[in-house]
Amino acid sequence: MTEAGKRFNRDWIFRHLTYTFEEGNSYAIIGPNGSGKSTLLQILSGAMQLNEGNSQWSMVNGELRNEQVYKHVSICAPYLEVVEEMTLKEFLQFHHHFKPLLSSVNIHSIISIIGLENAMNKQIRFFSSGMKQRTKLAQAIFSDTSFLLLDEPCTNLDTAGIELYHGLIDEYCKNRLVIVSSNDEIEYRFCQKKINITEYKK
């Protein structure tokens, strides 16, 4: 990412951001609510375009075109909805059609790991907010992708859910590029590097 800038109407969300994110490392994008953390994460996912500068992804076999990025990225964010008419099992199977799973897990083991065995065949619309968040984390973390983007990943999680989240990061994300957007240290305490979005406002 080089001299990157994003604006809405006349207001710059950030400008002159130059940074290299490297696989195998974890990064936190921090700043107060409304500062542009989620916007930056969406740009990194390939879902949103910059107004100035450029953002590029590369892997061992070369640079990725913007339209290829989605294949290598999984994301968990409050603004991304689950299909509530599906059961948990159906939703994970549906997601699996678009992104392969990590080789060490399958649908049933994922459901067991996130502690929702008793809800496997329940429609997601009947889930609590914490159960829905566990589901969102599962579809992101257990996808076989190199880049994992997490926006406020502990939203609606209780203490047990937060412990589960950190356990999943420790177990399944060691060799991946992980970027967390958050203003709560409990969500990014494992991150090796921090980027304060407020330092790129001019």
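Preceding this section is the structure that the text describes.
Residues numbered from 1 in each chain as written. Predicted model: local features only at pLDDT ≥ 70, side-chain atom pairs only at ≥ 80, totals over all residues. Heavy atoms only, no water.

## Things to note about unusual backbone geometry
Look at asparagine 9: it is not a glycine, yet its phi comes out positive at around 55°. Mapped onto the fold, asparagine 9 is located in the loop between strand E1 (2-8) and strand E2 (11-17). Among the residues examined, asparagine 9 registers a relative accessible area of 74% and is labelled exposed. One non-glycine residue, glutamate 152, lies in the positive phi region at around 45°. Turning to its location among the elements, glutamate 152 is positioned in the loop between strand E8 (147-151) and helix H5 (159-172). (Helix = DSSP H or I, 4+ residues; strand = E, 2+ residues; numbered from the N terminus. Buried < 20%, exposed > 50% of the residue type's maximum accessible area, 1.4 Å probe, protein only.)

## Looking at the packing of aromatic side chains
Evaluated as defined, the whole model comprises seven aromatic pairs. Note on phenylalanine 142 and tyrosine 172: the rings are 4.9 Å apart at their centroids and 65° apart in plane angle, and the pair reads as edge-to-face. With a gap of 30 residues between them, phenylalanine 142 in the loop between helix H4 (129-141) and E8 and tyrosine 172 in helix H5 connect regions that are remote in the sequence. Every member of this aromatic cluster is reached through a ring pair, and the members are Tyr19, Phe21 and Tyr27. Of note, arginine 15 hangs over the ring of tryptophan 12, and the distance from its end group to the ring centre comes to 4.0 Å. (Phe/Tyr/Trp six-rings, centres within 6.5 Å; stacked < 30°, edge-to-face > 60°. Lys NZ or Arg CZ within 6 Å of the ring centre and 35° of its normal.)

## Let's talk about the environment of glutamine 123
Tracing the backbone shows glutamine 123 in the loop between helix H3 (107-113) and H4. Relative accessible area serves as the criterion here: at 25%, glutamine 123 is assigned to the partly exposed category. Spatially, the C-alpha atom of glutamine 123 lies 4.0 Å from that of threonine 87, the residues being 36 residues apart in sequence. Not counting chain neighbours up to four residues away, the residues in contact with glutamine 123 comprise Glu84, Glu85, Met86 and Thr87. Among the polar contacts made by the side chain of glutamine 123, one reaches the side chain of arginine 125 at a distance of 2.7 Å. (Contact = heavy atoms within 4.5 Å. Polar contact = N/O pair within 3.5 Å; in protein donor to acceptor, adjacent residues only side chain to side chain.)

## Let's talk about the nonpolar core
By size, the foremost hydrophobic cluster in this structure holds 41 residues, and its most contacted members are Leu116, Ile141, Phe142, Leu150, Tyr165 and Tyr172. At the level of elements, strand E3 (26-30), helix H2 (88-96), H3, H4, E8, H5 and strand E9 (177-181) are the ones that each hand at least two residues to this core. Excluding anything up to four places from it in sequence, leucine 116 contacts Leu88, Ile111, Phe127, Met131, Arg134 and Thr135. Membership of the second largest hydrophobic core comes to 28 residues, among which are Phe14, Tyr19, Leu64 and Val73. (Core = buried A, V, L, I, M, F, W, Y, C linked by side-chain atoms within 4.5 Å.)

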